[in-house]
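One letter stands for each residue in the lines below.
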Amino acid sequence: MKKKKWMLAGIAAVALFVSACGTSTKEDATSIEGGDLLQSVQDAGVLKVGVMGTYQPYNFINEDKDMDGFDADIAKEIAKGLDVDIEFVSQEFSGMIAGLQTGKFDMVASQMTITDDRKKEMLFSDPYITNQVKVIVKDDNTEITSVEDFVGKDIGVGLGTNDETYLRNELMPEVGEFNIRTYDDVITSLKDLDSGRIDATINNMYALKPIIEANGLKIKAVGEPIKSDQAGIAVQLGNEPFIEEVNTILADIKADGTYDEIFMKWFGEAPPKD
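Here the structure is a predicted model, which means the values were calculated and not measured. Along each chain, residues carry numbers from 1 onward, in the same order as the chain's sequence is written. Only residues with pLDDT of 70 or above have their local features reported here, since the model is predicted, and side-chain atom pairs are shown and tallied only from 80 upward, although totals for entire chains, interfaces and linings are computed over all residues. Based on all heavy atoms of the structure, the side-chain values leave hydrogens and waters out of the count.

A. Layout of the pairing of strand S10 (residues 179-183). Two strands are said to pair when DSSP picks up at least two bridges between them. A helix here means a DSSP run of H or I that spans at least four residues, while a strand means a run of E at least two residues long, and both kinds are numbered starting from the N terminus. Inspection of the sheet shows strand S9 (residues 154-158) paired to S10 by 5 bridges, in the parallel sense. Within the sheet, the bridge partner assigned to Gly-156 lies in S10 and is Arg-181. With helix H7 (residues 162-175) bridging S9 and its parallel neighbour S10, the resulting β-α-β unit is right-handed. Handedness rule for crossovers: strands pointing away from the viewer, path from the first strand over the helix to the second running clockwise, crossover right-handed.

Next up, the structure:
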């Protein structure tokens, strides 16, 4: 699965050739600058990956104080495919895009949902997971069985997430007004739900199951999935050579069974068929 050095050198040579030719357009300048990421990661010998580090089982700090989880394992396979070491950088999700754009890390592997708006700010890989989002309530709640019951209620959601955008821009205009409370981490929102400080939240059960079990929370999912989201690896715009390499690595680990092993490890079931 590892790419040969001459392939990477070839990409660098193309970038140098284009740079030598030189143009004055902003589009070309961005492309040249962005195309350096693959070579710069290779030169540094390390891939810096932005993650929340608080979103079990996707990315979290384990008992050995190491970054662990589904996202972390996928990122490790990408680093392996690039033949470099990996360094995880913890970042609250609300600051994830800014952290990427300022160079705090090379890429994001933290359940960054692929959306049209985000494509204007970041370049995404092919999706590496699809999550179904459901309504989550306290286990004795019988008033809320779907999003139509959110009107007038306090609904918790992750700050800066695609779910927050969905609640504000799509759901509220459709069903009516409700109060949105934002959180920097999932655990706090679920504890507030368990204690009755909010009436409901939306999330996927892959994310909730280990948190519910670890904290003894009395909450449940209700109704049918309200939407499904696809997450991808995100980098700064203009880094097509890097993303092409990532897409090749993702395809390789799916073909050789590595992806299935990682999925089973964290979710206890085989990944759904495309």
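From this point, the narrative continues.
B. Fine view of helix H9 (residues 205-215). Only protein chains enter the accessibility calculation, which uses a 1.4 Å probe; a residue whose area is less than 20% of its type maximum is buried, one above 50% is exposed, and one in between is partly exposed. Three or more residues of H9 are buried, namely Ala-207, Leu-208, Pro-210, Ile-211 and Ile-212. Buried residues along H9 sit in contact with strand S2 (54-55), strand S8 (129-138), helix H8 (186-195), strand S11 (200-203) and strand S12 (219-231). If you check the start of H9, you find a side-chain oxygen 3.0 Å away from the backbone N of Tyr-206, and it comes from Asn-204. Immediately downstream of H9, the backbone of Gly-216 shows phi near 60°, a positive value. In this analysis, two residues are considered to be in contact whenever any of their non-hydrogen atoms come within 4.5 Å of each other. We define a polar contact as two N or O atoms separated by no more than 3.5 Å, with the added condition that, inside protein, one atom must be a possible hydrogen donor and the other a possible acceptor, whereas residues neighbouring each other in sequence contribute only through side-chain atom pairs.

C. The arrangement of the side chain of Asp-163 in detail. Within the element layout of this structure, Asp-163 appears in helix H7. On the basis of relative accessibility, which here comes to 13%, the residue Asp-163 falls in the buried class. In this structure, Asp-163 is in contact with Val-133, Val-157, Ile-202, Lys-227 and Asp-229, ignoring residues within four places of it in sequence.

D. The arrangement of helix H10 (residues 240-255) in detail. Multiplying one less than the number of residues by 1.5 Å gives the expected span of a helix. Taking 1.5 Å of rise per residue, the 16 residues of H10 would be expected to cover 22 Å, and the 22 Å separating its terminal C-alpha atoms lies within 8% of that figure. Within the span of H10, buried status applies to Phe-242, Ile-243, Glu-245, Val-246, Asn-247, Ile-249, Leu-250 and Ile-253. Positioned one or two residues after H10, Gly-257 has a phi angle of 90°, which is positive.

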